[in-house]
Amino acid sequence: MTNLEVYVRNGTRDINGLLNMSIKDIDTGVSSDVIINTKQLFKSLKLVPQKKSLDIWFFSIYIHLIDNLLPRNELAVDNWLREINVRIPISTPQIWNNNSHLIVDALNFLTGDEWIIEFYQLEDDYFFNNELEIEENLTIEKICLLSGGLDSLVGAIDLVNTYDNIIFTSHYDNAGAMQDKQKEIFDKICSSKPQKKFILSQFRIRYSDKLFYDSDTNQRARSMIFLGFALFHAINFNLNEIILPENGLISINLPLNESRTSSNSTRTTHP
């Protein structure tokens, strides 16, 4: 069992006003800082985010980073299944603890591990920036994930032909989700519909240090940050739908080839 705790790092904030957080291995005392690059997210969207939207977004960030920080070859008896026990600060811990079984079931299926999650009270506000000038919120009709892949491109093309005000949300890294490719696709979409209003909202996360000698590169939980970021926007713009374009046949994880068998399948949009 790997025992982890997410905690506020000395009450400090980044340049955008977000709390600096860290993930610690309770048994060894080794910690890794959570580094979030949001650029001008809050200023460009003209909003002070709701706490419950930040609960979801930060939670998805922690899960993705923890999945990367824990190497299966070091921690799993069978080189796959890890036992992960983690304490996470949240602004409404009672609500999250009451529904933790739903979260754990989903994560167990998504990553192939056994999770135990306890939520405890976050004492500070996730976000504080007294220099932020807020105007009237943008008018947003739809929120759509834009990963840079073919499936999301097809979904985006369908969407822009119908709606005028769309936010495309993305996470980028140095692996499969490349910032420049997402931006290139977005610019093409904008140029095809110059009379419409589209926004690309991107962010990047990483950790400062490894908790163990190695790290894990399977990316099974990577979809959590795409979904968490989209939910963040949906809550703040009062929308009850998120568009997640995906190949329907691939979603049910049929073993059509070697890249879609067993642990290689991400299960991101499985029913």
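Before reading further, recall that the structure is shown in the block above.
Parameters and conventions
Within each chain, residue numbers correspond to sequence positions counted from 1 in written order. Reporting in this predicted model follows two pLDDT cut-offs: at least 70 for local features of residues, and 80 or more for side-chain atom pairs to be given and counted; totals over whole chains, interfaces and linings ignore these cut-offs and use all residues. Note that water and hydrogens are dropped before the side-chain values are worked out from all heavy atoms of the structure. Only the six-membered ring of Trp is used, alongside the rings of Phe and Tyr, when aromatic pairs are assigned; centres must lie within 6.5 Å, and planes under 30 degrees apart are stacked while those over 60 apart are edge-to-face, with the rest tilted. Helix and strand definitions here come from DSSP, where helices need a minimum of 4 consecutive H or I residues and strands a minimum of 2 consecutive E residues; each element is numbered from the N-terminal end. Remark: exposure states derive from per-residue accessible area (1.4 Å probe, protein chains only) relative to the maximum for the residue type, with buried under 20%, exposed over 50%, and partly exposed in between. For this document, the term salt bridge refers to a Lys or Arg side-chain nitrogen within 4 Å of an Asp or Glu carboxyl oxygen. Contacts are residue-level and defined by heavy atoms, with any inter-residue pair within 4.5 Å sufficient. Only strands joined by at least two bridges in the DSSP assignment are considered to pair. In this scheme, a helix's expected span is set at 1.5 Å multiplied by one less than its residue total. Each C-beta atom gives one direction from the helix axis, and the arc is the one those directions make.

A. Examining the packing of aromatic side chains more closely. Counted by the stated rule, this structure contains 15 aromatic pairs. Here the aromatic rings of F42 and F232 are separated by 6.3 Å at their centres, their planes lie at 75 degrees, and the arrangement is edge-to-face. Residue F42 is found in helix α1 (residues 41-45), and its partner F232 is found in helix α8 (residues 222-236); the two are separated by 190 residues along the sequence. Look at F42 and you get buried, because its relative accessible area is 3%. Given the relative accessible area of 0%, F232 is considered buried. Geometrically, the ring pair formed by F59 and F119 is tilted, given 5.9 Å between the ring centres and 55 degrees between the ring planes.

B. Region of interest: the pattern of salt bridges. Enumeration over the complete set of coordinates arrives at 12 salt bridges. A salt bridge links D125 to K51, with the nearest nitrogen and oxygen atoms 3.2 Å apart. Here K51 lies in helix α2 (residues 51-69) and D125 lies in the loop between β5 (114-121) and β6 (142-145), a separation of 74 residues in the sequence. Here K196 ties to D164 by a salt bridge, and the two come within 3.5 Å at their closest N and O atoms. With a gap of 32 residues between them, K196 in the loop between α7 (179-192) and β8 (197-207) and D164 in the loop between α6 (150-160) and β7 (165-171) connect regions that are remote in the sequence.

C. Main features of the environment of L4. Residue placement: L4 occurs in strand β1 (residues 2-13). For the pair formed by L4 and I26, sequence separation is 22 residues and the distance between their alpha carbons is 5.4 Å. If we skip the residues at most four places from it in the chain, L4 touches I23, K24, D25, I26, I66, L70, I84, N85, V86, R87 and L211.

D. View of the pairing of strand β2 (residues 19-25). The element β2 is extensively covered by neighbouring structure, given that 6 of its 7 residues are classed as buried. Sheet topology places β1 next to β2; 6 bridges connect them, and they run antiparallel. Within the sheet, the bridge partner assigned to L4 lies in β2 and is D25. Taken together, β1 and the strand that follows it, β2, pair antiparallel across an intervening segment of 5 residues, in which G17 is found at a positive phi of about 100 degrees. What sits between β2 and strand β3 (residues 31-37) in their antiparallel hairpin is a turn of 5 residues, with G29 showing a positive phi close to 80 degrees.

E. Geometry of helix α5 (residues 100-111). Between its terminal C-alpha atoms α5 stretches 16 Å, which fits the 16 Å expected from 12 residues at 1.5 Å a residue. When we look at burial in α5, the residues that qualify are S100, I103, V104, L107, L110 and T111. For α5, the angular spread of buried residues about the axis comes to 130 degrees, placing them on one side. For α5, the exposed residues lying more than 90 degrees away from the buried face are L102 and D105. Residues of α5 that are buried sit in contact with α2, α3 (72-75), α4 (93-98), β5 and α8. Residue G112 follows α5 closely and has a positive phi angle near 80 degrees.

F. Structural detail: the pairing of strand β4 (residues 83-90). Where β1 and β4 come together, 4 bridges link them in parallel fashion. By the bridge assignment for β4, T2 is matched with I84. In terms of strand pairing, β4 meets β5 through 8 bridges, oriented parallel. Each residue of the ladder has a partner; that of N85, found in β5, is I116.

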